[in-house]
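Summary of structural features
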Amino acid sequence: MYDVIALGELLIDFAHVDSDEGGYPVMAAKPGGAPCNFLAALAKYGAKTALYAKVGVDAFGKLLVQTLKEAGIETKGIIEDASVFTTLAFVTIDATGDRSFSFARKPGADTCLRFDELDLALLDNSKAFHFGTLSLTNEPAKETTQKAVAHAKKNSKLITFDPNLRASLWDSLDEAKTQILWGLKQADIVKISDEEVEFLWGCNETDGARKLIDDFGIKLAMVTSGPKGAYLQNRIASAYASCPPVKPVDTTGAGDIFGGAAVSRVLKLGKAPEELQQDELQSIARFAVTAASLSTQKPGGIPSVPEEKEVLSCCAATTLG
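The notes below deal with the structure included here. (Residues numbered from 1 in each chain as written. Predicted model: local features only at pLDDT ≥ 70, side-chain atom pairs only at ≥ 80, totals over all residues. Heavy atoms only, no water.)

1. Details of the layout of surface pockets
Considered as a void within the structure, the second largest pocket measures approximately 160 Å³ in volume. Lining the second largest pocket we find A40, K44, T67, A71, I302, P303 and V305. In the lining of the second largest pocket, the residues fall into 5 nonpolar, 1 polar and 1 charged. (1 Å grid on protein atoms, 1.4 Å probe; cavity = no way out; pocket = protein on both sides within 12 Å on 5 of 7 lines; lining within 4 Å. Points joined across faces, edges and corners; volume = space filled by probe spheres on them. Nonpolar A, V, L, I, M, F, W, Y, C, P; charged D, E, K, R; others polar.)

Structure follows, in structure tokens:
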């Protein structure tokens, strides 16, 4: 039995590591994709995970599959397709560590995953299903995602969702909003950023969390606010945790690692997300913001997930301090 299976983009992040004399970025290839970063954190913190994705039959595709195996993520659901090239994302970093994305994806392999290629036995033998919106931007991956969500809901799986808005990948922001709102209506647990809450409803974190619970029936809302921390809420309790002080070099994947770390704690507690008490939400929030913060001290997504001992030690030191 798997704890979580995700569907979505498995790609190469070309991370900005330096600039030449002309101002052009010097880049290093790193494994990436939001669902993969999410699963990598879950696997690091004790969960059994698997991924549905598509890569090309090329050097990058083979590297990505091997990286996931080394991260402890089941790769039986990854399709290798010789007709498309593994998706590439170019991540440039500013002086504060914030990043912007440019995608080589016309089409990229991730958008070409078909529903008939999914081994549904993996989903049937999982406790939870996770997805984001990058698999909703183009067909056939869009229909594949919708059918996979429907199958998961039909079989009473816990559904987790991260909007992960990347504006440049959508034909219009109206379409992005439509698909995000569709995703929210499917989910039990949502990890969303303050910027995405502002984009959808023009409100702050706490109002956004309340809207998710009241209007969409979300069982656990998790709203991240970058270096400020995160706010968690269900119908009976809420909690806020601030980030420990770090010197970020690359924030790529930090939000995904927050999500995976948080869900790992929910799974460890073994309680329905809507039944979590204030002290439990506080513990989840503290662990997740600490894991995400520590990850920003290393480049890339999957390679930057900190060890559980490091996270717990930092949590203890922050609490004592």
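Picking up where we left off.
2. Focus: the packing of helix 6 (residues 194-201) against helix 7 (residues 205-216)
Axis separation between helix 6 and helix 7 bottoms out at 9 Å; the angle between their running directions is 65°. Crossing geometry of helix 6 relative to helix 7 is assigned as left-handed. Listed contacts from helix 7 to D194, V197 and W201 of helix 6 are E205, G208, K211, L212 and F216. (Axes fitted to C-alpha atoms, helices over the stretch in contact; angles between N-to-C directions. Helix = DSSP H or I, 4+ residues; strand = E, 2+ residues; numbered from the N terminus. Left-handed = near helix turned anticlockwise from the far one by under 90°. Contact = heavy atoms within 4.5 Å.)

3. Brief notes about the packing of helix 5 (residues 173-186) against helix 6
Contact geometry for helix 5 and helix 6: axes closest at 11 Å, N-to-C directions at 110°. Judged by the angle between their axes, helix 5 and helix 6 are roughly perpendicular. For the pair helix 5 and helix 6, contact is made by L173, K177, I180, L181 and L184 and by F199, L200 and W201, respectively. Residues that form the contact of helix 5 with helix 6 fall into these classes: 7 nonpolar, no polar and 1 charged. (Parallel < 35°, antiparallel > 145°, perpendicular 65-115°, else oblique.)

4. Examining the state of the cysteines
Inspection of the entire model under this criterion finds 0 disulfides. We note that C112 lacks a disulfide partner, and the nearest cysteine sulfur, in C36, lies 16 Å from it. The thiol of C315 is not disulfide-bonded; the next cysteine sulfur, from C314, is found 6.3 Å away. (Disulfide = S-S within 2.5 Å.)

5. Considerations on helix 4 (residues 141-154)
An α-helical turn contains 3.6 residues, so any two residues separated by three or four positions project in the same direction. Taking 1.5 Å per residue, 14 residues should reach 20 Å; helix 4 reaches 20 Å between its end C-alpha atoms and fits that length. Along helix 4, the residues that are buried comprise A141, K142, T144, T145, A148, V149, H151 and A152. Looking at the buried side of helix 4, the elements it contacts are strand 1 (2-7), helix 3 (120-124), strand 9 (126-132), strand 10 (158-162) and helix 5. (Expected span 1.5 Å × (residues − 1). Buried < 20%, exposed > 50% of the residue type's maximum accessible area, 1.4 Å probe, protein only.)

6. Topic: the environment of S238
If you trace the backbone, S238 turns up in strand 14 (residues 238-241). Look past the residues within four positions of S238 in its chain and what remains in contact with it is Y231, L232, Q233, Q278 and L281.

7. What about the pairing of strand 3 (residues 25-32)?
Two elements, strand 2 (residues 11-19) and strand 3, share 8 bridges in a ladder whose sense is antiparallel. Paired with A15 across the strands is A28, a residue of strand 3. (Pairing = 2+ DSSP bridges.)

8. Let's talk about empty space enclosed by the protein
A probe matching the size of a water molecule, rolled over the atoms, marks out where space remains unfilled. What the rule picks out here adds up to 3 cavities of 30 Å³ or more. If you add up the space inside the largest cavity, you get close to 110 Å³. D13, G33, A34, F101 and R166 are, among the 16 residues lining the largest cavity, the residues nearest its centre. Ranked by the residues each element gives to the lining of the largest cavity, the list is headed by strand 8 (residues 99-104), at 3 residues. For the lining of the largest cavity, the per-class residue count stands at 6 nonpolar, 5 polar and 5 charged.

9. Some thoughts on the pattern of salt bridges
All chains considered together, the criterion is met by 17 salt bridges. A salt bridge links K54 to E117, with the nearest nitrogen and oxygen atoms 3.0 Å apart. Of the two residues, K54 is situated in strand 4 (residues 49-56) and E117 in the loop between strand 8 and helix 3; the sequence distance between them amounts to 63 residues. Accessibility classification places K54 together with E117 in one group, the buried group. Linking K211 and D215 is a salt bridge whose minimum nitrogen-to-oxygen distance equals 2.9 Å. One end of the pair, K211, and the other, D215, are both in helix 7, 4 residues apart, so they sit about a helical turn from each other. In this structure D215 comes out as partly exposed when scored by relative accessible area, which is 49%. (Salt bridge = Lys/Arg side-chain N within 4 Å of Asp/Glu carboxyl O.)

10. Brief notes about the packing of aromatic side chains
One pass over the structure, following the stated rule, counts 7 aromatic pairs. Ring geometry for F131 and W182: centres 5.9 Å apart, planes at 65°, overall edge-to-face. In this pair, F131 sits in strand 9 while W182 sits in helix 5, placing the two residues 51 residues apart along the sequence. Judged by relative accessible area, W182 falls into the partly exposed class, the value being 22%. Taken together, F129, F131, F161 and W182 form an aromatic cluster joined through their ring pairs. A cation over an aromatic ring shows up here: K48 above the ring of Y2, its NZ or CZ 4.9 Å from the ring centre. Cation over ring: R265 sits above F287, and NZ or CZ is 3.8 Å from the ring centre. (Phe/Tyr/Trp six-rings, centres within 6.5 Å; stacked < 30°, edge-to-face > 60°. Lys NZ or Arg CZ within 6 Å of the ring centre and 35° of its normal.)

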